[in-house]
Amino acid sequence: MHGFFETDILSDMQKPFYVKVLLVVTLLLGINAFAQEKDHSSSEEKGSLKNEIKEFIGHHLLDSHDFTLFTIDEEKNEHVGFPLPVILWDNGLKVFSSSKFHHGESVAEVDGNHYALYHGKIVKTDAEGTINYDEDHHATNAKPLDFSITKNVVFIFLVAALMFFLFSRMAKSYKTNALPKGIGRLLEPIILYIRDDIAIPNIGKKHYKKYMSYLLTVFFFIWIINLLGLTPLGVNVTNNIAVTFALAILTYLITTFTANKNYWKHIFWMPDVPVFMKIVLAPIELLGTFIKPFSLMIRLYANITAGHVVLMSILGMMFIFKNWIGSPLSFGLAFALSLLELLVAALQAYIFTMLSALYFGSAVEEHHDH
Amino acid sequence: MEKLIEQFSFGLFFWQLLLFIAVLLLLRKFAWKPILDAVEDRESGIKDALAAAENAKKEMQNVTADSERLLQEARVEREAMIKEAREMKEKIVADAKDLAQAEADKMIKQAQLAIESEKKAAVADIKNEVATLSLEIAEKVIKDQFSDKAKQMKLVEEMIGDIKLN
């Protein structure tokens, strides 16, 4: 029962940040509306610019099959970057370079099958690349299973490699010296913080050790990848629901498979309440076990997405205002928001780790009389 | 929500899960375990050292307290000894004084007795001497007196005269 409410309390804790984001967004909309009203003559031009910005943001939020740093000329389809391998499972493994799509401009032909990019997704088409739509304007083309090494996969791999490099080196330095050296001096206090202030208080001294690897990995993974999202590389991994889903499902699986009898008893047959309440509480508690990791998934996804959308909207304002007061203002706002995003990057990693530890703690909690 | 599900990329999910689990297992073996073990070793080392220092401090305090106690005891003992010695000295002096007094008294008495007996003897001696001397004188006088008849008569007369007077 307690677990279920804790989720609510913690999402309440999150509220101030959402409130801030909402405030900024409403502020933005207000300014935009004001600008629109004032400037009737060039509204058409502004409208197309706005759409372009919107499209750009939408594009930024999506994963992509090639690594594009920036675009030189949209019309001539000139981009700076490099293609990535596409791996499809469509009646057999198909591997080809994403350069065949020419940034979504052309249809790729592999082993007699034709594939095209539609909103960042690979769909099966005919030789002309025709997209068929249903009434709701959804593409009805077949979607092959896509295991491509996308831009996000590249970054996940890079972060994993970076983490392995950093921490295995740090571990080696302990062999010769009891005190950390180099980057370890920065990382050790964080590791100790996760152990002493996240794992031990939430899980307890008896059981915390077996969860430490997961907690440390998930914290540093989310933190580093969030920070990379703030670099001009234009990568944005944790705003993919697939990524946060993978992380949340690991938390769920670890909680479920390490849970003791006491945990299940509290779900299916809550002690110290009337029998009627036991029956009522069981489905709620069972639902709670799914809601907990679900909230983890949504929280991380939503925070990072909101941060990126707002940040890029403010940057986009620079092109809409095009005057001496609006552009510096938008720059200042973007700068301030970037600082906030730096905090959010660490905060979200902390919250994910903290809540995971809390769930693990409830899974191994020993029975004690209330 | 619908958009979210539509956006969901199974490939990305697959790679994220695979890479994350891989790095998790690798880090567990090559990083987290050695790091946490090293940190724990260090912490327990520090803890032990601190406990040892605390023990040493306590022992030191005990030793100090012991020596303090011993010193105190010694001081008390010394004072008692000094006091005893002083008392003994006084007693000895007093005893000696008493003894000396008694001896002196005894000697004085003896001396007095001796002086007394000597004096008596001397007086007796003198008495005897005087008696002898007076007898000799009286003999001489009488001899002298009796040598002359007239004188004898005169003496007798004088004596008779004296008797008459009585």
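Not measured: the values here are computed from a predicted model.

**Some details on the overall build of chain B**
Phase 1 of the analysis: The helix and strand inventory of chain B stands at three helices and zero strands.
Phase 2 of the analysis: Its C-alpha atoms give chain B a radius of gyration of 66 Å, clearly above 15 Å, the size a compact globule of 166 residues would have.
Phase 3 of the analysis: Overall, the C-alpha framework of chain B stretches about 205 × 35 × 15 Å when taken along its three principal axes.
Phase 4 of the analysis: Split into buried and exposed, the 166 residues of chain B put 8% on the buried side.

**Concerning the interface of chain A and chain B**
Interface size is commonly expressed as the accessible surface area that is lost when the partners come together.
Phase 1 of the analysis: With 33 residues of chain A at the contact, the number on the chain B side is 29 residues.
Phase 2 of the analysis: When residues of the side of chain A that touches chain B are traced back to their parent elements, those giving at least two are strand S8 (145–146), helix H3 (151–176), helix H4 (184–203), helix H5 (209–229) and helix H6 (241–258) of chain A.
Phase 3 of the analysis: Sort the elements by how many residues they give to the side of chain A that touches chain B and H3 of chain A lands first, with 12 residues.
Phase 4 of the analysis: The class makeup of the residues in the side of chain A that touches chain B is 24 nonpolar, seven polar and two charged.

**What to know about the packing of H4 of chain A against helix H9 (residues 326–364) of chain A**
All names here are of chain A.
Phase 1 of the analysis: Interaxial distance between H4 and H9 falls to 7 Å at its minimum, and their mutual angle equals 35 degrees. Both H4 and H9 take part in a crossing whose hand is right-handed. Residue-level inspection shows Ile194, Ile198, Ala199, Asn202 and Ile203 of H4 in contact with H9, the latter providing Thr353, Met354, Ala357, Leu358, Phe360, Gly361 and Val364.
Phase 2 of the analysis: Partitioning the contact of H4 with H9 into residue classes produces nine nonpolar, three polar and no charged.

**Focus: the confidence of the model for chain B**
All names here are of chain B.
Phase 1 of the analysis: Residues of chain B with pLDDT of at least 70 account for 97%, and the chain-wide mean is 89.
Phase 2 of the analysis: Here helix H1 (residues 2–7) stands out as the element of chain B with the lowest mean pLDDT, 72, in contrast to helix H2 (residues 10–146), whose mean of 92 is the highest.
Phase 3 of the analysis: For this predicted complex, the interface confidence comes out at an ipTM of 0.80, alongside a pTM of 0.71.

**Focus: the sheet that holds strand S5 (residues 108–110) of chain A**
Residue and element names in this part refer to chain A.
Phase 1 of the analysis: In spatial order, the strands read S5-S6-S7; together these three strands make up an open sheet with antiparallel pairing. The open sheet is flanked by S5 and strand S7 (121–125), the only strands paired with a single partner. Between one strand and the next, the sheet's axes are offset by a mean angle of 35 degrees, whatever the strand orientation.
Phase 2 of the analysis: As paired strands, strand S6 (residues 113–118) and S7 are joined by five bridges and run antiparallel to one another. Within S7, the position partnered with Leu117 by the bridge is Ile122.

Reading the values: the criteria
Residues numbered from 1 in each chain as written. Chains lettered and ligands numbered in written order. Predicted model: local features only at pLDDT ≥ 70, side-chain atom pairs only at ≥ 80, totals over all residues. Helix = DSSP H or I, 4+ residues; strand = E, 2+ residues; numbered from the N terminus. Rg over C-alpha atoms; globule rule 2.2 N^0.38 Å. Buried ≥ 20, exposed ≤ 12 C-beta atoms within 10 Å, placed from the backbone. Contact = placed C-beta atoms within 7 Å. Nonpolar A, V, L, I, M, F, W, Y, C, P; charged D, E, K, R; others polar. Axes fitted to C-alpha atoms, helices over the stretch in contact; angles between N-to-C directions. Left-handed = near helix turned anticlockwise from the far one by under 90°. pLDDT = per-residue confidence, 0-100. Pairing = 2+ DSSP bridges.

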